[in-house]
Amino acid sequence: MRLLVFLIEEPSMRAFLEGARERLPIPNDVQIVFRIAGGYQNMRPLIEANLRMSWPPNTRFVVLCDQDKADCLQRKSDIASVVPEYRRNEILVRIVCYELEAWYFGDPDTLSDLYPRFRQVRGQARFRSPDNLQQPATQLMELAGRRKRQLAEELGPLLDLESNHSPSLQVFLSGLRQLLAD
């Protein structure tokens, strides 16, 4: 049995990843465990605590958090600094540009199918580059009339991951494939 531990920032990330599980590049023999920090300020202690725990051999870790308004490279560097050098090949650190909800905007067809109000604004220039959207969670909650967790639960099972237009999502998927290739 192999184990993949997601160290994530918030419950909506878990809801999305659970819903997308069948389409994520994670082999069926890999068991998934989620640990939720409850905000970025709690990520470092969560990572440190989990790296001190006794996990089975072949356990891999994915650290996933939003960029928000921070500098992406600085945020990734801050997180990576917690990881001992000898564990670096066991851990994937990915920063979502700018928020998880930007990944949803990378699949405008699914958004249009689920949320009729999105059809009215779909062609606007601001939605063509999902990773550059400012406050995508706020924008999508307004368009869909849903909360973050509801969006994650609805979109996780439906979002087209492979042809999604979010570069941040594609980098995450690529990193996940690489992490689990060993």
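The rules we used
- Residues numbered from 1 in each chain as written.
- Predicted model: local features only at pLDDT ≥ 70, side-chain atom pairs only at ≥ 80, totals over all residues.
- Heavy atoms only, no water.
- Pairing = 2+ DSSP bridges.
- Helix = DSSP H or I, 4+ residues; strand = E, 2+ residues; numbered from the N terminus.
- Axes fitted to C-alpha atoms, helices over the stretch in contact; angles between N-to-C directions.
- Contact = heavy atoms within 4.5 Å.
- Parallel < 35°, antiparallel > 145°, perpendicular 65-115°, else oblique.
- Nonpolar A, V, L, I, M, F, W, Y, C, P; charged D, E, K, R; others polar.
- Salt bridge = Lys/Arg side-chain N within 4 Å of Asp/Glu carboxyl O.
- Buried < 20%, exposed > 50% of the residue type's maximum accessible area, 1.4 Å probe, protein only.
- Phe/Tyr/Trp six-rings, centres within 6.5 Å; stacked < 30°, edge-to-face > 60°.
- Polar contact = N/O pair within 3.5 Å; in protein donor to acceptor, adjacent residues only side chain to side chain.

### Examining the sheet that holds strand 4 (residues 91-96)
Okay, so step 1: A sheet is described by the order of its strands in space; here 4 strands give the open sequence 2-1-3-4, paired in parallel fashion. Two strands lie at the open edges of the sheet, namely strand 2 (30-36) and strand 4, each paired on one side alone. Going across the sheet, the axis of each strand differs from the next one's by a mean of 20°, ignoring polarity.
Okay, so step 2: Pairing analysis gives 7 bridges linking strand 1 (residues 2-8) to strand 2, with the strands arranged parallel. Bridge pairing links Leu4 to Ile32 in strand 2.
Okay, so step 3: Strands strand 3 (59-66) and strand 4 of the sheet are contacted by helix 3 (residues 72-80), whose axis makes an angle of about 150° with strand 4.

### A word on the packing of helix 7 (residues 136-144) against helix 8 (residues 148-155)
Okay, so step 1: Taken N-terminus to C-terminus, the directions of helix 7 and helix 8 make an angle of 75°; their axes are 10 Å apart at the nearest point. One element, helix 7, and the other, helix 8, form an angle in the roughly perpendicular class. Each of Ala137, Leu140, Met141 and Ala144 in helix 7 lies in contact with helix 8, whose residues at this interface are Lys148, Leu151 and Leu155.
Okay, so step 2: Partitioned by chemical class, the residues of the contact of helix 7 with helix 8 number 6 nonpolar, no polar and 1 charged.

### Focus on the pattern of salt bridges
It is possible for side chains of opposite charge to pair when their charged atoms get near one another.
Okay, so step 1: In this structure the tally under the stated criterion is 10 salt bridges.
Okay, so step 2: In this structure, the salt-bridge partner of Arg75 is Asp68, at a minimum N-O distance of 3.6 Å.
Okay, so step 3: You can call Asp68 partly exposed: its relative accessible area is 28%.

### Examining the packing of aromatic side chains
Okay, so step 1: Under the counting rule described, the total for this entry stands at 8 aromatic pairs.
Okay, so step 2: Taking 5.4 Å as the distance between ring centres and 15° as the angle between the ring planes, the aromatic pair formed by Phe6 and Phe34 counts as stacked. Taken together, the residues Phe6 in strand 1 and Phe34 in strand 2 connect sequence positions 28 residues apart.
Okay, so step 3: Looking at Phe34, the relative accessible area reads 13%, which means it is buried.

### Brief notes about unusual backbone geometry
Okay, so step 1: Omega for the bond connecting Cys97 with Tyr98 falls within 30 degrees of zero, at -25°, which places this linkage in the cis form.
Okay, so step 2: Mapped onto the elements, Tyr98 comes out in the loop between strand 4 and helix 4 (101-105).
Okay, so step 3: The phi dihedral of Asp68 falls on the positive side, at around 55°, and the residue is not glycine.
Okay, so step 4: Looking at the element boundaries, Asp68 is found in the loop between strand 3 and helix 3.

### Things to note about the environment of Trp55
Okay, so step 1: Positionally, Trp55 belongs in the loop between helix 2 (43-52) and strand 3.
Okay, so step 2: Given a relative accessible area of 17%, Trp55 falls into the buried group.
Okay, so step 3: Aside from chain neighbours lying at most four places away, what touches Trp55 is Leu3, Val5, Val33, Arg35, Asn50 and Phe61.
Okay, so step 4: From its side chain, Trp55 meets the backbone oxygen of Asn50 in a polar contact 2.8 Å long.

### Things to note about the packing of helix 1 (residues 11-20) against helix 8
Okay, so step 1: Viewed as axis vectors pointing N to C, helix 1 and helix 8 meet at an angle of 10°, and their least axial separation amounts to 7 Å. When the interaxial angle is binned, helix 1 and helix 8 end up roughly parallel. Facing helix 1, whose interface residues are Pro11, Ser12, Ala15 and Phe16, helix 8 presents Lys148, Arg149, Ala152, Glu153 and Leu155.
Okay, so step 2: Taken together, the residues of the contact of helix 1 with helix 8 sort by class into 5 nonpolar, 1 polar and 3 charged.

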